[in-house]
Amino acid sequence: MAPGPAGRTPVFERRTTDGGGGGAGGGSAEKVVALTFDADMTADQGPRAASGERFDNPELVALLRRLKVPSTVFMTGRWAEEYPAQAKAIGADPLFEVANHSYSHHAFSSPCYGLPVVEKSAMTHDVERAFTAFRKAGVRNVVPYFRFPGGCYDDTALRALAPANVTAVQWDVVSGDAFATDADAVARQVLDGVRPGSLVVMHCTRSAAPATEAAVRRIVPELRERGYRFVKVSELMEGGA
């Protein structure tokens, strides 16, 4: 996407146009949906990982492969450092694309769910540091998209990130999988919220989202039964251009 007004980072949330690029809404909207997964790990969680806490979810990734679900993984640089082999494998699989979720998983505006805050002067560096971590891990299929930790941003953040040349990606369907233990409740929330062109936010972190894999087992076949096709964010964005 082109830069926003006054050089601000552009923000993409949901494709609401039909297949021909027409107006928003309407029964002719193409039934596509993008499932996105945040691979979260904050910069200070190394000791927790060393003590055995798992911030990855290889079973979820394997499930997406078995079900052949194209997906976009928003990965923090710290996660790529902790799990370089997994990061490389995800990036090498054409089923997936890897986008930037910051290096530190600190907030770019405040308040934001109690996250520490990145100083304005360090915002671009934090994003670029994540891309550097991807390169060091050998991650391919990296796209120039960025997801703000917690989805929190303001005008200052959009202006500060303009030099990073990324498009910020939000969502219109909150799965509610963060810290959830009821997979059926997560699945219901997604299934109730999805509309043509929707963008769903979920997580790829066992310790913080233990019910996600089970929820996806229900979400994918039910949406396919409704006639939906799964796409990556890049395809969703191209279709809405």
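Parameters and conventions
Residues numbered from 1 in each chain as written. Predicted model: local features only at pLDDT ≥ 70, side-chain atom pairs only at ≥ 80, totals over all residues. Heavy atoms only, no water. Helix = DSSP H or I, 4+ residues; strand = E, 2+ residues; numbered from the N terminus. Buried < 20%, exposed > 50% of the residue type's maximum accessible area, 1.4 Å probe, protein only. Phe/Tyr/Trp six-rings, centres within 6.5 Å; stacked < 30°, edge-to-face > 60°. Disulfide = S-S within 2.5 Å. pLDDT = per-residue confidence, 0-100. Contact = heavy atoms within 4.5 Å.

Participant: Let's hear about unusual backbone geometry: which residues, and what values?
Facilitator: In this structure, the amide linkage connecting Ser110 to the following residue, Pro111, adopts the cis form with an omega of 5°. Tracing the backbone through its elements, the reader meets Pro111 in the loop between strand E4 (96–100) and helix H5 (123–137). Of note in this structure, Ser102 is not a glycine but carries a positive phi near 85°. Looking at where Ser102 falls in the secondary structure, it is placed in the loop between E4 and H5. By relative accessible area, Ser102 is classed as buried at 0%. In this model, Asn165 sits at a positive phi of 55°, which is unusual for a non-glycine residue. On the secondary structure map, Asn165 appears in the loop between helix H6 (155–160) and strand E6 (167–169).

Participant: Go over the packing of aromatic side chains, please, and point to the residues and values.
Facilitator: Per the counting criterion, the structure on display carries six aromatic pairs. Geometrically, the ring pair formed by Phe131 and Phe134 is edge-to-face, given 6.1 Å between the ring centres and 85° between the ring planes. With Phe131 and Phe134 both in helix H5 and three residues apart, this pair spans about one turn of that helix. The class for Phe134 is buried, based on a relative accessible area of 1%. Consider the rings of Phe148 and Tyr153, whose centres lie 5.1 Å apart with planes at 20°: the pair is stacked. Phe148 sits in the buried class, given a relative accessible area of 0%. Residue Tyr153 is classed as partly exposed on the basis of its relative accessible area of 31%.

Participant: Describe the state of the cysteines, listing the residues and the values that go with them.
Facilitator: A complete count under the given rule lists one disulfide for this structure. There is a disulfide in this structure between Cys112 and Cys152, and the S-S distance comes to 2.1 Å. Here the disulfide of Cys112 and Cys152 is right-handed, its torsion about the S-S bond being about 85°. Placement of Cys112 in the loop between E4 and H5 and of Cys152 in the loop between strand E5 (142–146) and H6 is noted, with a sequence separation of 40 residues between them. Both residues of the pair, Cys112 and Cys152, belong to the buried class.

Participant: Residue-level account of the confidence of the model for the chain, with values.
Facilitator: Of the residues in the chain, 92% reach a pLDDT of 70 or more, and the chain-wide mean stands at 93. Counting interchain partners and residues more than four positions distant, the pLDDT-below-50 stretch residues 19–28 has nine contacts.

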